[in-house]
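Next come the chains, spelled out residue by residue.
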Amino acid sequence: MTTVLELPAPAVDVDAAQLVRDIEQYLAARTRTTAHPLVTKTTAELIAEALGTAPAQAAAAAPELPGRALRLLPDWVLRFPLVRHRHGGARHVTVAEHLELTALVIERYGWAQNTHRTTSGRRCILGAQAVLFRLGIGDETTVAAAANQLQNALRSRGCTASYATWNDTPGRTEADVLALIRTAAKETER
């Protein structure tokens with residue numbers, strides 16, 4: 001008689017639609033369109049201030065992040081033009097935005113050590129950056145600058161290891177990783 005061992009389901013909520021909404025909401029909140037470079041408020045904010053009303057929220061079309069099936073396939077699948085177009089296309093983001101979105105991917109997909117991606121879709125820091133890059137959210141320059149920011153944040157803590165090695169250090173936690181990424185993002189904004 002053989003016994004079948006059932007593994008527990010991952011404790012990660014992999015709701016791709018919610019991740020897409022969160023990324024779009026984050027990017028929409030950071031996008032400022034003003035009539036003149038010296039104007040610090042958007043036109044909608046100026047009108048709302050003049051009329052004494054609350055500014056209207058701009059509704060942006062949200063790209064759809066890969067669902068569970070695409071997350072389980074090799075990452076190179078995300079580079080296919082049809083997938084990239086459906087899930088974001090070419091979109092410029094700042095280094096700080098890239099880092100914040102990297103943290104968001106880790107929060108939504110789950111965090112991994114000793115691999116870029118687990119079979120259940122969890123990601124390490126590099127794996128989360130790869131998701132964004134392959135979907136066209138940011139480019140090589142943005143990813144390289146984000147990597148430098150992460151290294152600078154580690155150096156300021158007295159750590160000389162690469163952030164990929166630091167991610168895989170025994171005893172490291174998801175909270176440690178998210179704190180490092182968000183610290184690097186805040187330092188970028190200064």
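Calculation notes
- Residues numbered from 1 in each chain as written.
- Predicted model: local features only at pLDDT ≥ 70, side-chain atom pairs only at ≥ 80, totals over all residues.
- Heavy atoms only, no water.
- Helix = DSSP H or I, 4+ residues; strand = E, 2+ residues; numbered from the N terminus.
- Buried < 20%, exposed > 50% of the residue type's maximum accessible area, 1.4 Å probe, protein only.
- Salt bridge = Lys/Arg side-chain N within 4 Å of Asp/Glu carboxyl O.

S.K.: What exactly am I supposed to notice about the environment of Gly121 here?
M.R.: Following the sequence through the fold, Gly121 ends up in the loop between helix H5 (95-109) and helix H6 (125-134). Note on Gly121: relative accessible area 1%, which makes it buried. The sequence separation of Gly121 and Arg108 amounts to 13 residues, and the corresponding C-alpha distance is 9.9 Å.

S.K.: Would you explain the pattern of salt bridges in this entry?
M.R.: Side chains that carry opposite charge are capable of pairing whenever their charged atoms lie near each other. For the structure on display, the rule yields three salt bridges. Here Arg182 and Glu100 are joined by a salt bridge, their closest N and O atoms 3.3 Å apart. Here Arg182 is found in helix H9 (residues 174-189), whereas its partner Glu100 is found in helix H5, with 82 residues between them in sequence. Given the relative accessible area of 25%, Arg182 is considered partly exposed. Arg172 is the salt-bridge partner of Asp176, the closest N and O atoms lying 3.9 Å from each other. Relative accessible area serves as the criterion here: at 29%, Asp176 is assigned to the partly exposed category. Each of the salt bridges in this network shares a partner with another, and the network as a whole consists of Glu100, Glu107 and Arg182.

S.K.: Before we go on, may I ask you to explain unusual backbone geometry in this structure?
M.R.: Excluding glycine, residues mostly carry a negative phi; peptide bonds, for their part, are mostly trans. One non-glycine residue, Asn114, lies in the positive phi region at around 65°. Counting through the fold element by element, Asn114 comes out in the loop between H5 and H6. Given a relative accessible area of 60%, Asn114 falls into the exposed group.

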